Amino acid sequence: MSDIRRIRKVLIANRGEIAIRIMRSCQEMGIATVAVFSDADRTALHVRMADESVHIGGSPSSESYLVTERILATAKETGADAIHPGYGFLSENYRFAAACEDAGIIFIGPTPEAIEAMGDKTAARALMEEAGVPMAPGTIDAISDPDEAETTAAGIGYPVLIKAAAGGGGKGMRIVRKAENFQSALETASREATSAFGDGRVFIEKYIEQPRHIEFQILADTHGTILHLFERECSIQRRHQKVVEEAPSSVLTPALRAAMGEAAIRAARSCGYVGAGTVEFLLDKDMNFYFMEMNTRLQVEHPVTEGITGIDLVEQQLLVAEGHPLAFSQDDLAISGHSIECRIYAEDPANGFLPGPGRLLAHDPPSGFGVRVDSGVEEGSDISLFYDPMISKLTTWGPNREAAIARMIRALDEYEVAGVPTTIPFCRFVMEHEAFTSGHFSTHFVDDHFRPEEMNALTAEDEETLAIAAALFVDGHRHEQGHGPASSAGGASSIPTGSSAPARFSSWRRNRGGLTD
Ligand code: MV4
């Protein structure tokens, strides 16, 4: 067909695990790849994995991964016909999408107009109102008059939530429980929004108590077909950063799933959506759902959807960008089993999830049936403070939720990391917590249930392993220092010697034995 534009070479305007994830699909499709990299990423995995790699600037992303001109110039120099933005960085920047278009380069994503409309939360609310997508009661337009706004808030009924029009991800949000606090909260929220986004516009919504975060994956082609690929449950998060996601949600009935899926499709249709996108909803205790926002990009947690549908979302993004109609219909799609993703960050869950940058002295991820690891780092990599401190995404699949959880616990136990703290013990805590296993949790899970001291208590078996490892470690050192017989390679008492031995030992303590070091 004449409306198919073949993509031969893709520039990936991103780094880390998502750059690699995108390259893998490109490679399978026979599409050449161009990586871009900053000073800090000179030796990064994504740079070595690409067919070509181009240095684009300094370590801060404002000097490299966020520089539109530099990225477009690189695309032209290398003859790339398309740019995949991944997530974060320029992925939801409508000016960047428009600049690609103007330069004759395919932006792998929706139109600049759709990105812009969904980026402005009040514009998105207006579209949802028109499309008949349920929303929490609230204002459609941004607040112009504080006194009028207070009257509106009283009409909605407290508690209300003041949100930034340019927001998303929780910045500039204020809960107000009493009228007497409204005006000061309005001022604070607006000031925060101005400093965070350069746009102080705010609006009001009824505050939904203890909601669940349920989002629908959308896929739309350029021929008017829009499908949903079911939901992801993303309620386990801290400070608006998701840590555990799963598909399907354990609380949706087939009827509610169908209703939410249809609402998500209407939401996508309202902005002429093309490509892969996500419609986020809040689900309240009475199973009412409300549109929250639409993310116009591939999401971090897309692997759980791939797990239950068998569909490669990046491949679909590329096919849609080439102009192909979707090759399947809504009726062809079915949920197969259950999939869970744990985000493994270099952060200390015992210490308020404080980022713990440093060198990855050991990185030995799990494998086996039903285990997927998406990582952008390897042993020896530096986890810097310049970027997101993610080490990997660990995703399991099982025929049902219990099996996916059991497999996740096994995989977390198999995972060895040394040199930096990790969220592995936290993820294990979640997998074993009754609130999680029973499915009775909300977005307040971490505040309600997480007690760092309950994380990862030593089992008797661990204690024994630790004691043996410690004895061997001391023994190994004595050999190295010439106090005993020369150590024979592969001897019964040999453990990894040299610089890797202390690293592995500390990983054992960190991942399996607690957080005291
Ligand atoms: C809400 C809400 C309750 N009621 N809106 C948080 C991020 C931003 N995208 C919107 N958010 C929320 N909006 C109403 N009307 C609660 C949150 C919220 C939240 C949502 C999803 C996942 C985690 C959350 C944590 C705190 C607050």
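In this numbering scheme, every chain counts its residues from 1 along its sequence in written order. With the structure being a predicted model, the display of local features is reserved for residues of pLDDT at least 70 and the display and counting of side-chain atom pairs for 80 or more, all residues being used for whole-chain, interface and lining totals. Hydrogens are left out, water is left out, and the side-chain values use all remaining heavy atoms of the structure.

A. Geometry of the site of the ligand. The near set for a molecule or strand comprises every residue that places at least one heavy atom within 4 Å of it. Within the structure, the ligand sits among 17 residues, and Lys 163, Glu 205, Lys 206, Ile 208 and Glu 293 are positioned closest to it. Between a nitrogen atom of the ligand and a side-chain N or O atom of Lys 163, the distance comes to 3.0 Å. Each polar contact in these results corresponds to two N or O atoms within 3.5 Å; when the atoms are within protein, one needs to be able to donate a hydrogen and the other to accept it, and residues that are neighboring in sequence are counted only if both atoms are side-chain atoms. Within the side chain of Glu 205, one N or O atom sits 2.7 Å away from a nitrogen atom of the ligand. The method behind every accessible area is Shrake-Rupley, applied with a 1.4 Å probe, and residues are considered shielded solely by the protein chains displayed. Computed on the free molecule, the ligand has an accessible area of 530 Å², of which 91% lies beneath the protein chains in the complex. Only DSSP runs of H or I covering at least 4 residues are called helices, and only runs of E covering at least 2 are called strands; the numbering of each starts at the N terminus. Where the shell around the ligand is concerned, the elements lending two or more residues are β6 (160-164), β8 (202-206) and β13 (289-295). Taken together, domain 2 (137-206) and domain 3 (212-454) each give at least three residues to the shell around the ligand, which thus spans both. Source of the domain bounds: an automatic or database domain assignment.

B. Quick look at the sheet that holds β8. If DSSP finds at least two bridges between two strands, the strands pair. Reading across the sheet, the three strands line up as β7-β6-β8 and stay open at both edges, with antiparallel pairing between neighbours. On the outer flanks of this sheet lie β7 (174-176) and β8, each paired with one strand and no other. Across the sheet, the mean angle separating the axes of adjacent strands is 25° when strand polarity is ignored. Pairing of β6 with β7, which is carried by three bridges, proceeds in the antiparallel orientation. The partner of Val 160 across the bridge, within β7, is Val 176. We call two residues in contact whenever any of their non-hydrogen atoms come within 4.5 Å of each other. To get an axis, fit a line to the C-alpha atoms, keeping to the stretch in contact for a helix; angles then go from 0 to 180 degrees between the N-to-C directions. Helix α7 (residues 146-156) rests against β6 and β8 of the sheet, and its axis sits at about 15° to β8. Against the sheet, helix α8 (residues 182-197) engages β6, β7 and β8, with an angle of about 25° to β6.

C. Main features of the packing of aromatic side chains. Here a pair means two rings of Phe, Tyr or Trp (six-membered ring of Trp) with centres within 6.5 Å. Their orientation is stacked below 30 degrees between planes, edge-to-face above 60, and tilted elsewhere. By the definition in use, this model includes 12 aromatic pairs. Arranged with centres 5.4 Å apart and planes meeting at 85°, the rings of Phe 281 and Phe 289 form a pair that is edge-to-face. Here Phe 281 and Phe 289 have matching classes, each one buried. Charge-over-ring placement is defined geometrically: NZ (Lys) or CZ (Arg) within 6 Å of the ring centre, and within 35 degrees of the ring normal. Residue placement shows Arg 212 over the ring face of Phe 441; its charged tip is 4.5 Å from the ring centre. The ring of Phe 436 has Arg 401 sitting right over it, with the charged end atom 4.4 Å from the ring centre. Type-normalised accessible area, obtained with a 1.4 Å probe on protein chains alone, sets the label of each residue: buried when under 20%, exposed when over 50%, and partly exposed for intermediate values.

D. Structural context of the environment of Asp 120. Relative to the assigned elements, Asp 120 resides in the loop between α5 (112-119) and α6 (121-131). In this structure the C-alpha to C-alpha distance between Asp 120 and Arg 201, which are 81 residues apart in sequence, comes to 9.9 Å. Contacts of Asp 120, omitting those with residues within four sequence positions, involve Ala 165 and Arg 201. In this structure the side chain of Asp 120 is engaged in a polar contact, spanning 3.1 Å, whose partner is the side chain of Arg 201.

E. Highlighting the sheet that holds strand β12 (residues 275-283). Taking strand neighbours across the sheet as the criterion, the eight strands line up as β13-β12-β9-β10-β11-β14-β21-β19 in an open arrangement whose pairing is antiparallel. One side of each edge strand has no neighbouring strand; the edge strands of this open sheet are β13 and β19 (371-375). Strand-to-strand twist across the sheet, computed as the mean angle between neighbouring axes with direction ignored, equals 25°. As judged from the four bridges shared by strand β11 (residues 241-247) and strand β14 (residues 338-345), these two strands associate in the antiparallel manner. Of the residues in β14, the one forming a bridge with Glu 245 is Glu 341.

F. Region of interest: the packing of helix α1 (residues 16-28) against helix α11 (residues 313-322). One way to put it is that α1 packs onto α11 with a least axis distance of 9 Å and a crossing angle of 65°. Here α1 runs over α11; the crossing is right-handed. Here Arg 21, Ile 22, Ser 25 and Cys 26 of α1 come into contact with α11, specifically with Leu 313, Val 314, Glu 315 and Leu 318. The classification used treats Ala, Val, Leu, Ile, Met, Phe, Trp, Tyr, Cys and Pro as nonpolar, Asp, Glu, Lys and Arg as charged, and all other residues, Gly among them, as polar. For the contact of α1 with α11, the class distribution of residues is five nonpolar, one polar and two charged. Note on convention: near helix rotated counterclockwise from far helix by under a right angle means a left-handed crossing. Clockwise means right-handed.

G. The arrangement of the packing of helix α12 (residues 401-414) against helix α13 (residues 424-432) in detail. Two numbers describe how α12 lies on α13: the axes approach to 10 Å, and their chain directions differ by 155°. Relative to α13, the element α12 lies roughly antiparallel. Crossing handedness for the pair α12 and α13: left-handed. Where α12 approaches α13, its residues Ile 405, Met 408, Ile 409, Leu 412 and Asp 413 are matched on the opposing element by Ile 424, Cys 427, Arg 428, Met 431 and Glu 432. Looking at side-chain class alone, the contact of α12 with α13 contains seven nonpolar, no polar and three charged residues. We call two directions roughly parallel when the angle between them is under 35 degrees, roughly antiparallel when it is over 145, roughly perpendicular when it lies between 65 and 115, and oblique otherwise.

H. Structural detail: α1. Expected span of a helix: the number of residues minus one, times 1.5 Å. Compared with the 18 Å implied by 1.5 Å per residue over 13 residues, the 19 Å span of α1 between its first and last C-alpha is a close match. Within α1, 10 of the 13 residues are buried, which leaves the element mostly enclosed by the surrounding structure. Buried within α1 we find Gly 16, Glu 17, Ile 18, Ala 19, Ile 20, Arg 21, Ile 22, Met 23, Ser 25 and Cys 26. Where α1 ends, the next residue or the one after it, Gly 30, has phi of about 75°, a positive value.

I. Here's a closer look at the nonpolar core. Take the buried residues of types Ala, Val, Leu, Ile, Met, Phe, Trp, Tyr and Cys, join any two whose side-chain atoms come within 4.5 Å, and each joined set is a nonpolar core. If you look at the biggest cluster of nonpolar residues, it comprises 37 residues, and the most contacted ones within it are Ile 7, Val 10, Ile 108, Leu 318 and Leu 333. Breaking this core down by element, the ones donating at least two residues are β1 (9-12), α1, β10 (226-238), α10 (302-309) and α11. Counting only domains with at least three residues in this core, you end up with domain 1 (9-108) and domain 3 (212-454). Setting aside its immediate chain neighbours within four residues, Ile 108 contacts Val 10, Ala 82, Ile 83, His 84, Pro 85, Gln 317, Leu 318 and Ala 321. Ranked by size, the runner-up nonpolar core spans 36 residues in total, among them Val 371, Ala 404, Met 431 and Phe 450.

J. A look at empty space enclosed by the protein. Detection works on a 1 Å grid of protein atoms alone, calling trapped sets that fit a 1.4 Å probe cavities and calling open sets with protein on both sides within 12 Å along at least five of seven lines pockets, with lining residues defined by an atom within 4 Å of a point. Grid points are joined across faces, edges and corners, and a volume is the space filled by probe spheres set on the points. Inspection of the entire model under this criterion finds two cavities of 30 Å³ or more. Computed from the structure, the largest cavity encloses a volume of approximately 60 Å³. Lining the largest cavity are 14 residues, and of these Ile 108, Gly 109, Thr 296, Arg 297 and Gln 317 lie nearest its centre. Among the residues forming the lining of the largest cavity, the class breakdown is six nonpolar, seven polar and one charged. In this structure, the lining of the largest cavity is formed jointly by two domains, domain 1 (9-108) and domain 3 (212-454), each of which donates at least three residues.

In short, the description is geometric, and any link to function would need to be established separately.
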